Amino acid sequence: SAISGMKEKSGEIGAKFAKATQEQREAMLSGLQGIVDDKDKGFEALEEANRMIDEFVKKGGKGAAKINVAGLRRDWDLASGKLVKDLEREGHASCEKGYNMLMASQAKWESRPPELKATLREGLDLIKAGMICCDYMNQLSGQAFETKKYIDMRRLAGDTYKQLQ
């Protein structure tokens, strides 16, 4: 799978990192952190680390094995694509479950039975968890799905929950 491929790549990078000079290590770390912060800049930093290794070897030094940036970029794209799909599926499922739970309990909101507070809390938590997945998915891919009904339900149920406090 794409994620196990990323784990193998991280092991390879770790082995190369152990053989690198301090300056090369700093460049590699900068590149790897950059992938998390800004994918394109991160891969550029890794390519720069490879150039530094080449220059060091040309000057007679013993360099660390270079990182296969193209392979890492391909594996990153595969893994992040799978992650985005998983996040979308899990986020939507959690939001939908919370929404349905709150919709089913809405008729009881006026009578305020004792179990209502726990039901509202559970539904609100499910929507919150789903929205966190959706937000992370959006950060990774720029994709989004319609969340207005979940936000509206969270607002209504949240107001009722606050009145029960």
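Residues numbered from 1 in each chain as written. Predicted model: local features only at pLDDT ≥ 70, side-chain atom pairs only at ≥ 80, totals over all residues. Heavy atoms only, no water.

(A) Seen up close, the environment of Leu 124. With respect to the element layout, Leu 124 can be found in helix H5 (residues 116-141). The spatial distance from the C-alpha of Leu 124 to the C-alpha of Ala 157 is 7.3 Å, given a sequence separation of 33 residues. With near-sequence residues (within four places) excluded, Leu 124 lies in contact with Leu 102, Arg 154, Ala 157, Gly 158 and Tyr 161. (Helix = DSSP H or I, 4+ residues; strand = E, 2+ residues; numbered from the N terminus. Contact = heavy atoms within 4.5 Å.)

(B) Representation of unusual backbone geometry. In this structure, Arg 112 takes a positive phi of about 50° despite not being glycine. Note that Arg 112 resides in the loop between helix H4 (69-105) and H5.

(C) Broad picture of the packing of aromatic side chains. Enumeration over the complete set of coordinates arrives at one aromatic pair. Considering the side-chain rings of Tyr 99 and Tyr 150, the 5.9 Å spacing of their centres and the 85° angle between planes classify their relative orientation as edge-to-face. Of the two residues, Tyr 99 sits in helix H4 while Tyr 150 sits in helix H6 (residues 148-163), which places them 51 residues apart along the sequence. Overall, Tyr 150 belongs to the buried group, its relative accessible area being 1%. The positively charged end of Arg 121 is found above the aromatic ring belonging to Tyr 161, 4.8 Å away from the centroid. The ring centre of Tyr 99 lies 4.5 Å from the NZ or CZ of Lys 149, which sits over that ring. (Phe/Tyr/Trp six-rings, centres within 6.5 Å; stacked < 30°, edge-to-face > 60°. Buried < 20%, exposed > 50% of the residue type's maximum accessible area, 1.4 Å probe, protein only. Lys NZ or Arg CZ within 6 Å of the ring centre and 35° of its normal.)

(D) Looking closely at the pattern of salt bridges. Overall, the coordinates contain six salt bridges when judged by the stated rule. Two residues, Asp 86 and Arg 89, come together in a salt bridge whose shortest N-O distance is 3.1 Å. Taken together, the positions of Asp 86 and Arg 89, both in helix H4 and three residues apart, correspond to about one turn of that helix. Among the residues examined, Asp 86 registers a relative accessible area of 16% and is labelled buried. By relative accessible area, which is 52% here, Arg 89 ends up exposed. Its salt-bridge partner being Asp 125, residue Arg 121 comes within 3.1 Å of it at the nearest N-O pair. With Arg 121 and Asp 125 both in helix H5 and four residues apart, the pair spans about one turn of that helix. Note on Arg 121: relative accessible area 32%, which makes it partly exposed. A residue is classified by how much of its surface remains accessible, and Asp 125, at 37% relative accessible area, is partly exposed. Three or more residues are tied together by salt bridges with common partners; here these are Asp 86, Arg 89 and Glu 90. (Salt bridge = Lys/Arg side-chain N within 4 Å of Asp/Glu carboxyl O.)

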